[in-house]
Amino acid sequence: MIIEPEMSAGEARAARGTAATGKRTLAEELRLQLADDIVRGALEPGSSLDESEIARRFNVSRTPVREALRQLVASGLVNSRAHRGAVVARPTIEQLNSMFEAMAELEALCAGLAAERMPIVQRNELEVLHERLRFLSYDGNPQLFHEANEAFHNAIYAGSQNGYVAEMALATRVRVQPFRRAQFRNLGRLAKSYVEHDRVVVAIMRGDKTGAANAMRDHIETVREEYEVYAVSL
């Protein structure tokens, strides 16, 4: 399996743009839909992903399709080989664990720095986002919770007051996102995720750098475990 070591320029721009505006590009919407199809098994490993066919299915041009496929390669869900086009893949357990390990450390770093540096205005905004997740945890809508969850984590990245670390965290999340998103379908997962977030928020509000980092690290480790539960159920 081939996983590209770096994001494409398009991926990086798309990720930064989504974080800044909260809006997804067409390529990102396609990536999410195709990622869902792959993770839940509707598109099986080894299946060919023809750009023209996908463009017809979603009634779009091939340009956003190509970008979506590049992003899926970065997540390890798709292999792209010269003269053979794109085919469905899936990261090995070792590769997925490595991505989650990096994600956990980067997010822990952001949370710890946020506890030290996040201005009061951003702390208030984080509490508002956290409260929205509380209400959404009752609704049982994984997609809406996922979207609010991204805004919550973006706020913590920004609160670190370290643009370089925030960009690294965001880039890594793009790769892990399909798996983070899938685990929200587990029974009771939304409420559990909210409780894990609460530990992070409380530590940040207290200015507890070590506590915030540890709570975030534990949260991402639980996300990895929940994805494994989801994958077994497929």
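Structure: see above.
Small disclaimer: the values here were computed from a predicted structure and weren't measured.

A. How the structure looks around the overall build of the protein. When helices and strands are tallied, the protein shows 10 helices and 3 strands. Across the protein, helices and strands are ordered from the amino to the carboxyl terminus as α-α-β-α-α-β-β-α-α-α-α-α-α. Computed over the C-alpha atoms, the radius of gyration of the protein is 18 Å, within 12% of the 17 Å expected from 2.2 N^0.38 for a compact globule of 234 residues. Across its three principal axes, the protein shows a C-alpha extent of roughly 55 × 35 × 30 Å. Within the protein, the fraction of its 234 residues that count as buried is 50%. Accessible surface, the protein as shown: approximately 11,200 Å² in total, 52% of it carbon and sulfur. In the protein, which carries 30 positive and 32 negative side-chain charges, the distance between the mean positions of the two groups comes to 3 Å.

B. How the structure looks around the nonpolar core. In terms of nonpolar packing, the biggest core is built from 60 residues, with Leu49, Leu69, Leu126, Ile156 and Ile204 touching the most fellow members. Counting residues per element, this core draws most heavily on helix α5 (residues 93–117), at 10 residues. Not counting the four nearest positions on each side in its chain, Ile204 is found in contact with Ala111, Ala114, Ala115, Met118, Arg123, Leu126, Ile156 and Ala212.

C. Representation of empty space enclosed by the protein within the structure. If you walk through the whole model with that rule in mind, you get 2 cavities of 30 Å³ or more. The computed volume of the second largest cavity comes to approximately 40 Å³. Forming the boundary of the second largest cavity are His146, Asn149, Glu150, Arg173, Gln177 and Arg180. Those elements that place two or more of their residues in the lining of the second largest cavity are α7 (142–159) and α8 (163–182).

D. Spotlight on the packing of aromatic side chains. All told, the structure shown has 3 aromatic pairs when counted by the stated rule. Judged by centre distance (5.1 Å) and plane angle (70°), the rings of Phe145 and Phe184 are edge-to-face. With Phe145 in helix α7 and Phe184 in the loop between α8 and α9 (189–206), this residue pair connects regions lying 39 residues apart in the sequence. Each of the two residues, Phe145 as well as Phe184, counts as buried.

E. Structural context of helix α3 (residues 51–58). Glu51, Ile54 and Ala55 are the residues of α3 that are buried. End-on view of α3: buried residues confined to an arc of 100°, all on one side of the axis. With respect to the buried face of α3, the exposed residues turned more than 90 degrees away are Glu53 and Arg56. Of the surrounding secondary structure, the elements contacted by the buried residues of α3 are α2 (26–39), β1 (48–49) and α4 (62–74). Taking the backbone nitrogen of Ser52 as reference, a side-chain oxygen 3.1 Å away marks Asp50 as the first, capping residue of α3. Looking one or two places after α3, you find Asn59, whose phi comes out positive at around 55°.

F. Geometry of the pairing of strand β3 (residues 85–88). Bridge count for β1 against β3 is 2 bridges, and the pairing is antiparallel. Along β3, the bridge assignment pairs Ser48 with Val87. Between strand β2 (residues 78–81) and β3, which pair antiparallel and follow one another directly, the connecting turn spans 3 residues, one of which, His83, has a positive phi of 65°.

Analysis parameters
- Residues numbered from 1 in each chain as written.
- Predicted model: local features only at pLDDT ≥ 70, side-chain atom pairs only at ≥ 80, totals over all residues.
- Heavy atoms only, no water.
- Helix = DSSP H or I, 4+ residues; strand = E, 2+ residues; numbered from the N terminus.
- Rg over C-alpha atoms; globule rule 2.2 N^0.38 Å.
- Buried < 20%, exposed > 50% of the residue type's maximum accessible area, 1.4 Å probe, protein only.
- Areas by Shrake-Rupley, 256 points an atom, 1.4 Å probe, with all protein chains shown as cover.
- Lys, Arg positive; Asp, Glu negative; His and termini not counted.
- Charge placed at Lys NZ, Arg CZ, Asp CG, Glu CD.
- Core = buried A, V, L, I, M, F, W, Y, C linked by side-chain atoms within 4.5 Å.
- Contact = heavy atoms within 4.5 Å.
- 1 Å grid on protein atoms, 1.4 Å probe; cavity = no way out; pocket = protein on both sides within 12 Å on 5 of 7 lines; lining within 4 Å.
- Points joined across faces, edges and corners; volume = space filled by probe spheres on them.
- Phe/Tyr/Trp six-rings, centres within 6.5 Å; stacked < 30°, edge-to-face > 60°.
- Arc of directions from axis to C-beta.
- Polar contact = N/O pair within 3.5 Å; in protein donor to acceptor, adjacent residues only side chain to side chain.
- Pairing = 2+ DSSP bridges.

Remember, this is a structural readout, not a statement about activity or role.
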